[in-house]
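Read off the chains here:
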Amino acid sequence: MLQSDRLPAWLHDWLDIVVPTAQILGILLVAWMLALVARRLIERVGHRYTLPPEAAVGARRVASFLIYAGAFLLVLERLGVSGTVLWTAFTGFAAVAAVAFFAAWSVLSNIFCTMLILTTRPFRLYDHVELLESGEKPGLRGKVVDINLVYTTLRETDDGEGAGTVLQIPNSLFFQRALRRWRGGALPPTGAAYARKADPLDV
């Protein structure tokens, strides 16, 4: 306070801006240096103990996240935000995010499986497919008429003629069971003929 009294009066208002700004820049600089040191340390440990590249990359990301998250909290503290308020907000957000993640896990799983279906092409539109059940039970089967982000729509067939009811199957189910596919839109055998005929071409 005594040193600030010696400064000109017009500088007093600037001290409230310059000092916190300098402290914030110092925090960011220290965080950047710590992240750089942690990255080089992890690289040396990885080379010395022949760690997998995935482990080294994951360790660098975790270290960088922790360092920059701590720097972010210190910056907010220098801006006048209470640490108790920050911790309460963080724990509340983490709880809500965890609940939302588990609630949306099935939807996210189906969306990811949709991307796999579109890239690996286990079947295409207008193919006839069947999800095989365990044992001798007949599986879900029909003609693929639509593929969206969550469901694949199958139109059931009656004795190989005409359209029956429609099945909406979650896309994740195609990666949990064996899949039988008839190429080129050919109608699969049904009933007794299905039991007598040979297996169709699987891919």
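In what follows, the structure referred to is the one given above.
Note that this is a predicted model, so its numbers are computed, not measured.

Draft legend 1. Broad picture of unusual backbone geometry. Although it is not a glycine, Arg121 adopts a positive phi angle of roughly 55 degrees. Within the fold, Arg121 resides in the loop between α5 (105-120) and β1 (128-131). A residue is classified by how much of its surface remains accessible, and Arg121, at 40% relative accessible area, is partly exposed. Not every positive phi belongs to a glycine, and Tyr126 is a case in point at roughly 75 degrees. Residue placement: Tyr126 occurs in the loop between α5 and β1.

Draft legend 2. Region of the structure containing the nonpolar core. Listed in full, the 11 residues of the largest apolar core are Ile24, Ile27, Ala31, Ala35, Ala38, Ile42, Ala56, Ala63, Ile67, Ala71 and Val75. Considering every element that reaches this core, the biggest residue donor is helix α2 (residues 9-48), with six residues. If near-sequence neighbours (up to four positions away) are discounted, Ile24 is found in contact with Val75, Arg78 and Leu79. Core analysis: the next-biggest nonpolar cluster, separate from the first, contains 10 residues, Leu131, Ile169, Leu173 and Phe174 among them.

Draft legend 3. Focus on the environment of Arg155. Position of Arg155 relative to the elements: it lies in strand β3 (residues 151-158). Look at Arg155 and you get partly exposed, because its relative accessible area is 33%. With 10 residues separating them in the primary sequence, Arg155 and Val145 have C-alpha atoms 6.7 Å apart.

Draft legend 4. Local environment of α5. An ideal rise of 1.5 Å per residue puts 22 Å on 16 residues; α5 measures up with 22 Å between its terminal C-alpha atoms. Those residues of α5 lying buried are Asn110, Cys113, Thr114 and Ile117. The buried residues of α5 occupy an angular sector of 115 degrees when the element is viewed end-on, so they sit on one face. Residues of α5 that are exposed and angled more than 90 degrees away from the buried face: Trp105, Phe112, Thr119 and Thr120. Backbone geometry just after α5 places Arg121 at a positive phi near 55 degrees.

Draft legend 5. Inspection of the packing of aromatic side chains at higher detail. Scanning the entire structure with this criterion turns up one aromatic pair. On the numbers, 4.8 Å between centres and 45 degrees between planes, the contact of Phe123 with Phe174 is tilted. Placement of the pair is Phe123 in the loop between α5 and β1 and Phe174 in the loop between β4 (161-170) and β5 (179-182), with a sequence separation of 51 residues. In this structure, Phe123 and Phe174 share a single accessibility class: buried.

Draft legend 6. Structural context of a nonpolar patch on the surface. Together, Leu29, Trp32, Met33, Leu36 and Tyr68 make up an exposed nonpolar region whose accessible area comes to about 500 Å². The leading source of residues in the nonpolar patch is α2, at four residues. The residue Leu36 is located in helix α2 in this model. You can call Leu36 partly exposed: its relative accessible area is 30%.

Draft legend 7. The arrangement of the pairing of β1 in detail. Alternating positions in β1 separate into two faces, His128 and Glu130 on one and Val129 and Leu131 on the other, with burial throughout. In this sheet, strand β2 (residues 140-147) lies alongside β1 in antiparallel orientation, the contact comprising four bridges. In the strand pairing of β2, His128 is matched with Lys143.

Criteria and thresholds
Residues numbered from 1 in each chain as written. Predicted model: local features only at pLDDT ≥ 70, side-chain atom pairs only at ≥ 80, totals over all residues. Heavy atoms only, no water. Helix = DSSP H or I, 4+ residues; strand = E, 2+ residues; numbered from the N terminus. Buried < 20%, exposed > 50% of the residue type's maximum accessible area, 1.4 Å probe, protein only. Core = buried A, V, L, I, M, F, W, Y, C linked by side-chain atoms within 4.5 Å. Contact = heavy atoms within 4.5 Å. Expected span 1.5 Å × (residues − 1). Arc of directions from axis to C-beta. Phe/Tyr/Trp six-rings, centres within 6.5 Å; stacked < 30°, edge-to-face > 60°. Patch = residues over 30% accessible without salt bridge, like charges linked within 9 Å, V, L, I, M, F, W, Y side chains within 5 Å. Areas by Shrake-Rupley, 256 points an atom, 1.4 Å probe, with all protein chains shown as cover. Salt bridge = Lys/Arg side-chain N within 4 Å of Asp/Glu carboxyl O. Pairing = 2+ DSSP bridges.

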